[in-house]
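# Chain and residue survey
What follows is the residue order along each chain.
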Amino acid sequence: AERRLWQSLQLHMDFGPFYNDLRTRIDIYRGDLTSENFGLDAATYRRLAKSCDSVIHCAASLNRKSEKACLNVNLRGTLQVIKLARSAQDDHGLRRFSDVSTVAVAGRRQDEVVTEDAALEWDRSDYDPYARTKKFCEYMVHELLPDVPRTIFRPGIVLGDSRFPETTQFDMVRAFVFLAELPVLPFRPEWRADIVPADYVGKAIVTIHQKEKPKYDIYHLSSGTASLTYRQIVDALRDQGHPNRHLFLSVLSKPFDRTVGALAAMPKAWGISQAASRMKVFLPYLTFNTIFENQRVKEELNEAPVLFSKYAFDLLQFAKRVRFSYPYRSWEEAEVKAEPLKAASHG
């Protein structure tokens, strides 16, 4: 569990400070989100509930194709986290429960600007099981924790980090690189993509969760009306050194969709179905030309997210250079390099 945590955090901190925090500030409970009480024994679960004064629930299955995975992890898993919050609230009171949801709960849209309070419409169809189950997760939080201060965060398309080119999350990056390399794009150049950097999303969640009284219950973590058009994105890539010139032909949107679907059905041994399946999943969110109002989060943070055009080219170059695989440092390698710092921190 410690090694998994190190793998998740090493992009953002050196091993020495991480190790010191691990030994002095962090308690790890190793469990299973889909098991009763996370699979913890009764005494451990009671200790967790009694020591908990706030919850950020950010675990989810992003498998947009699998109904089973989304039902198990998103619905059953969220229910287990809510039960923990309920135990803590009943025992000593819970300061806040924050649920990291998604703008995808807004369902099928086209050419819209969606506000936080107008996003959920239960008679509107969803694009995939992920969006559908996350919508029900929000509903469960609202219904089962009525007496707990609650905050819902809905990130948009989270892509890259505005502070540096490196990333450890490549699913959406693969789609971005694939499209950046195409000479012809099946979009309208004036369509907008609501892309937000991961560092802004993280800062918003941490800052607002820790506020005693946030101004709102729901926040879109997005670029909102400042979202760039596809023309602005490809022009920025070109200006920063990307050699491709892009032609926009929106009439190819449906043929492109059918082609991606056919490639996704190819045998795995051919090596193309996985990338096509990923593109098939993300394509509706790239063609619906819908953005999500973000005035609330800008008001809370007193800043807007960095535009994708400012860091897109560096992200593209990094992803191609490492071939969509982050060069993780092993625990042993990091531990050896950090030994003097660890010794100093332990006095």
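Described below are features of the structure shown in this document. These numbers were taken from a predicted model, which means no experiment stands behind them. (Residues numbered from 1 in each chain as written. Predicted model: local features only at pLDDT ≥ 70, side-chain atom pairs only at ≥ 80, totals over all residues. Heavy atoms only, no water.)

This model, assessed by the stated rule, comprises 21 salt bridges. Between D90 and R86 there is a salt bridge, with the nearest N and O atoms lying 3.0 Å from each other. One end of the pair, D90, and the other, R86, are both in helix α4 (residues 67-91), four residues apart, so they sit about a helical turn from each other. The shortest N-O distance in the salt bridge between D147 and R86 comes to 2.7 Å. Remark: R86 occurs in helix α4 and D147 occurs in the loop between α5 (129-144) and β4 (150-155); sequence separation between them is 61 residues. (Salt bridge = Lys/Arg side-chain N within 4 Å of Asp/Glu carboxyl O. Helix = DSSP H or I, 4+ residues; strand = E, 2+ residues; numbered from the N terminus.)

Turning next to the sheet that holds β4. Spatial strand order, β1-β2-β4-β9: four strands in an open sheet with parallel pairing. Since the sheet does not close on itself, it has two edges, and those belong to β1 (54-57) and β9 (218-221), each with one partner. Neighbour-to-neighbour, the strand axes of the sheet open up by a mean angle of 15°, direction not taken into account. As paired elements, β4 and β9 share four bridges and run parallel to each other. Looking at β9, one finds that R154 is bridged to H220. Running at roughly 175° to β4, helix α7 (residues 198-210) makes contact with β1, β2 (96-100), β4 and β9 of the sheet. (Pairing = 2+ DSSP bridges. Axes fitted to C-alpha atoms, helices over the stretch in contact; angles between N-to-C directions. Contact = heavy atoms within 4.5 Å.)

For β2, the buried fraction is high: five of the five residues fall into the buried class. In β2, alternate side chains face the same way, and those of R96, S98 and V100 on one face and F97 and D99 on the other are all buried. For β1 and β2, the ladder comprises four bridges, and the chain directions are parallel. Within β2, the residue paired with H57 across the bridge is D99. Read from β1 through α4 to β2, the crossover connection turns out right-handed. Sheet topology note: the β2/β4 ladder contains four bridges and is parallel. Along β4, the bridge assignment pairs S98 with T151. (Buried < 20%, exposed > 50% of the residue type's maximum accessible area, 1.4 Å probe, protein only. Right-handed = clockwise from strand over helix to strand, strands pointing away.)

As far as function goes, none of this settles anything; it's purely spatial.
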